[in-house]
Amino acid sequence: MSTIDLIPEVSSLTMRFTDTLDMHTSLVHKCANTLLSLNVGISNAKTLFYDANENIVVYPHLKDLSLTATPSAFTSDRVSVPNVVPLPKMEVIRVGIPYLYTDDVLFRGNSTTLKGLVISINKNTIDVLNRNQVFRNNYKNLKLVIDKTYPGEDLTLISDADMNKFFSSLVRTARTLKLASEVSFNYLIAAAPPNGFEYLQALCITKDNMALFDVLRLLKVLPSLINIICGFDSLGSELRDIAANDLPNYVASTYCNTGKNLQIISNQGIGGQMRPVVPEYVILLALVCPKLRRVDLTPDGISDFQGKVAKALQSGPYSKYTSELNRLLRAIY
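All figures in this text were calculated on a predicted structure; none of them were measured in a lab. (Residues numbered from 1 in each chain as written. Predicted model: local features only at pLDDT ≥ 70, side-chain atom pairs only at ≥ 80, totals over all residues. Heavy atoms only, no water.)

A.B. asks: For the overall build of the protein chain, give the residues involved together with the corresponding values.
C.D. replies: Check the secondary structure of the protein chain and you find 11 helices and 14 strands. Here the protein chain holds 333 residues, and 50% of them are scored as buried. In the protein chain, the proportion of contacts linking residues at least 24 apart, taken out of those at least 6 apart, comes to 70%. Within the structure as shown, the protein chain displays about 15,200 Å² of accessible surface, and the carbon and sulfur contribution to it stands at 49%. (Helix = DSSP H or I, 4+ residues; strand = E, 2+ residues; numbered from the N terminus. Buried < 20%, exposed > 50% of the residue type's maximum accessible area, 1.4 Å probe, protein only. Contact = heavy atoms within 4.5 Å. Areas by Shrake-Rupley, 256 points an atom, 1.4 Å probe, with all protein chains shown as cover.)

Here you go:
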């Protein structure tokens with residue numbers, strides 16, 4: 001059943017459906033001129049932008065669009081919607097299904113308004129985005145979520161070259177990026193230009209069990225990063241064989257100012273779970289993050305963390321880093 005909520009003060013209509021668009025096509029098309037938000041299941045790609053007479057439907061005021069479907073319901077062939085801008089004021093797009101179109105219709109003409117994009121990637125999605133250079137425009141403050149693959153899809157079908165091309169197209173696009181656990185952060189590292197991704201300011205990695213070495217590699221290609229949400233509970237291959245007493249000097253010299261703009265490290269809000277953050281590794285990370293001002297921890301982990309930092313302050317290997325560790329103590333939340 002559908003639910004229709006009138007919003008008289010703005011003379012607009014918000015519609016949300018729990019079943020498919022196909023059952024309400026004529027109603028949606030009649031309301032197209034006033035819709036602000038549309039959250040709908042879809043099994044036929046044509047029904048969103050084509051009416052019964054094959055005329056193209058435009059949604060001049062629509063700001064929020066969510067497209068979903070179950071695998072069994074989705075039977076549509078992909079279609080094109082040429083020479084029209086049907087979503088000129090779009091602000092947030094959520095595509096939880098394989099990309100329905102052979103062109104860039106969802107993104108056409110809204111580069112100045114689009115603020116949020118949640119998209120499940122597969123081979124066709126990557127092909128369409130790359131071919132149409134969807135991210136060629138400099139979106140302002142775009143929050144991008146690259147979500148898990150759609151059931152039955154396989155990321156291994158996408159070539160490394162195509163994935164690198166897709167990620168490199170984000171250089172001037174995303175300000176905030178969240179990667180689902182199925183999407184490797186290594187693509188981001190491999191696609192980085194010489195100066196790194198200069199515009200990306202916030203990154204959320206949902207992958208479990210990252211290593212400190214991985215975080216340092218990411219910071220190296222994300223020079224403007226301010227906020228990182230991730231969990232890391234090991235040193236990683238390059239750091240594992242270095243003697244414990246040598247680690248502070250090695251990290252401080254090898255990765256000097258790698259996280260020069262990083263201010264916040266958090267392990268909260270990743271799929272509703274807390275990811276492990278080992279105090280000793282955050283202490284090492286603090287040596288190369290001169291602006292670090294906040295480390296989010298679970299309440300029961302704060303005292304243990306403070307104790308580890310206090311112990312490091314008393315140890316020889318960290319004797320030259322007292323200012324960095326005292327700053328870290330002030331950053332613990």
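Here the narrative resumes, following the displayed structure.
A.B. asks: Could you give an account of the nonpolar core, with specific residues and numbers?
C.D. replies: Tyr-101, Leu-106, Phe-107, Phe-167 and Phe-232 are the most contacted members of the largest nonpolar core, which totals 108 residues. Looking at this core element by element, the count peaks at seven residues for helix α6 (residues 212-221). (Core = buried A, V, L, I, M, F, W, Y, C linked by side-chain atoms within 4.5 Å.)

A.B. asks: How would you sum up the side chain of Arg-327? Please name residues and give values.
C.D. replies: Inspection of the secondary structure assignment puts Arg-327 in helix α11 (residues 322-331). Buried charge without a partner: Arg-327 forms no salt bridge, and the closest opposite charge is Glu-324, 5.5 Å away. A distance of 3.4 Å separates the side chain of Arg-327 from the backbone oxygen of Pro-290, its partner in a polar contact. (Lys, Arg positive; Asp, Glu negative; His and termini not counted. Salt bridge = Lys/Arg side-chain N within 4 Å of Asp/Glu carboxyl O. Polar contact = N/O pair within 3.5 Å; in protein donor to acceptor, adjacent residues only side chain to side chain.)

A.B. asks: Provide a residue-level description of the layout of surface pockets, including the pertinent values.
C.D. replies: The space that makes up the largest pocket amounts to roughly 320 Å³. Ala-244, Glu-280, Ala-312, Ser-315 and Tyr-318 are, among the 15 residues lining the largest pocket, the residues nearest its centre. Within the residue set of the lining of the largest pocket, elements represented by two or more residues are α8 (247-254), α9 (279-286) and α10 (302-313). It is α9 that contributes the most residues to the lining of the largest pocket, four residues altogether. Taken together, the residues of the lining of the largest pocket sort by class into 10 nonpolar, two polar and three charged. (1 Å grid on protein atoms, 1.4 Å probe; cavity = no way out; pocket = protein on both sides within 12 Å on 5 of 7 lines; lining within 4 Å. Points joined across faces, edges and corners; volume = space filled by probe spheres on them. Nonpolar A, V, L, I, M, F, W, Y, C, P; charged D, E, K, R; others polar.)

A.B. asks: Describe the packing of aromatic side chains, naming the residues involved and giving the relevant values.
C.D. replies: Aromatic rings considered in pairs are described by the distance between their centres and by the relative angle of their planes. Counted under the stated rule, the structure contains seven aromatic pairs. Measuring from centroid to centroid gives 5.3 Å for Phe-166 and Phe-167, while their planes differ by 75 degrees, and the two rings are edge-to-face. By relative accessible area, Phe-166 is classed as buried at 1%. Exposure remark for Phe-167: the relative accessible area of 0% places this residue in the buried category. Look at Phe-167 and Tyr-187: their rings are 6.0 Å apart centre to centre, the planes differ by 10 degrees, and that puts the pair in the stacked class. Highlighted residues: Phe-167 in helix α4 (residues 160-168) and Tyr-187 in helix α5 (residues 186-190), separated in sequence by 20 residues. Among the residues examined, Tyr-187 registers a relative accessible area of 19% and is labelled buried. (Phe/Tyr/Trp six-rings, centres within 6.5 Å; stacked < 30°, edge-to-face > 60°.)

A.B. asks: Break down the pairing of strand β9 (residues 202-205) for me, citing the residues and quoting the values.
C.D. replies: The alternating pattern of β9 places Ala-202 and Cys-204 on one face and Leu-203 and Ile-205 on the opposite face, and all of these are buried. As judged from the four bridges shared by strand β8 (residues 174-179) and β9, these two strands associate in the parallel manner. Bridge pairing in β9 links Leu-177 to Leu-203. As paired elements, β9 and strand β11 (residues 227-229) share three bridges and run parallel to each other. Its bridge partner being in β11, Leu-203 is matched across the sheet by Ile-228. (Pairing = 2+ DSSP bridges.)

A.B. asks: Now, about the packing of α9 against α10: what can you tell me, with residues and values included?
C.D. replies: Geometrically, a packed helix pair is captured by the angle between its two axes and the distance between the axes. Running from N to C, α9 and α10 cross one another at 55 degrees; their axes reach a closest spacing of 9 Å. The orientation of α9 with respect to α10, classified from their angle, is oblique. Read as a crossing pair, α9 and α10 show a hand that is right-handed. Of the residues in α10, those touching α9 at Pro-279, Glu-280, Val-282 and Ile-283 are Asp-304, Phe-305, Lys-308, Val-309 and Ala-312. When its residues are assigned to classes, the contact of α9 with α10 shows six nonpolar, no polar and three charged. (Axes fitted to C-alpha atoms, helices over the stretch in contact; angles between N-to-C directions. Parallel < 35°, antiparallel > 145°, perpendicular 65-115°, else oblique. Left-handed = near helix turned anticlockwise from the far one by under 90°.)

A.B. asks: Talk me through the packing of α6 against α9; I want residue IDs and the actual numbers.
C.D. replies: Where α6 meets α9, the closest approach of the two axes is 10 Å, and the angle between their N-to-C directions is 25 degrees. Accordingly, the angle class assigned to the pair α6 and α9 is roughly parallel. In this structure, α6 meets α9 at a crossing whose hand is right-handed. For the pair formed by α6 and α9, the contact residues are Leu-212, Val-215, Leu-216 and Leu-219 on the first element and Tyr-281, Leu-284 and Leu-285 on the second. Its residues assigned to classes, the contact of α6 with α9 shows seven nonpolar, no polar and no charged.

A.B. asks: Explain the pattern of salt bridges residue by residue, including any values.
C.D. replies: One pass over the full model with this rule turns up nine salt bridges. Connected through salt bridges with shared partners, the residues Asp-103, Asp-104 and Arg-108 form a single ionic network.

A.B. asks: Report on empty space enclosed by the protein, specifying residues and quantitative values.
C.D. replies: For the coordinates displayed, the defined rule picks out one cavity of 30 Å³ or more. Of the volumes computed, that of the largest cavity is approximately 40 Å³. Of the residues assigned to the lining of the largest cavity, the class counts are six nonpolar, no polar and no charged.

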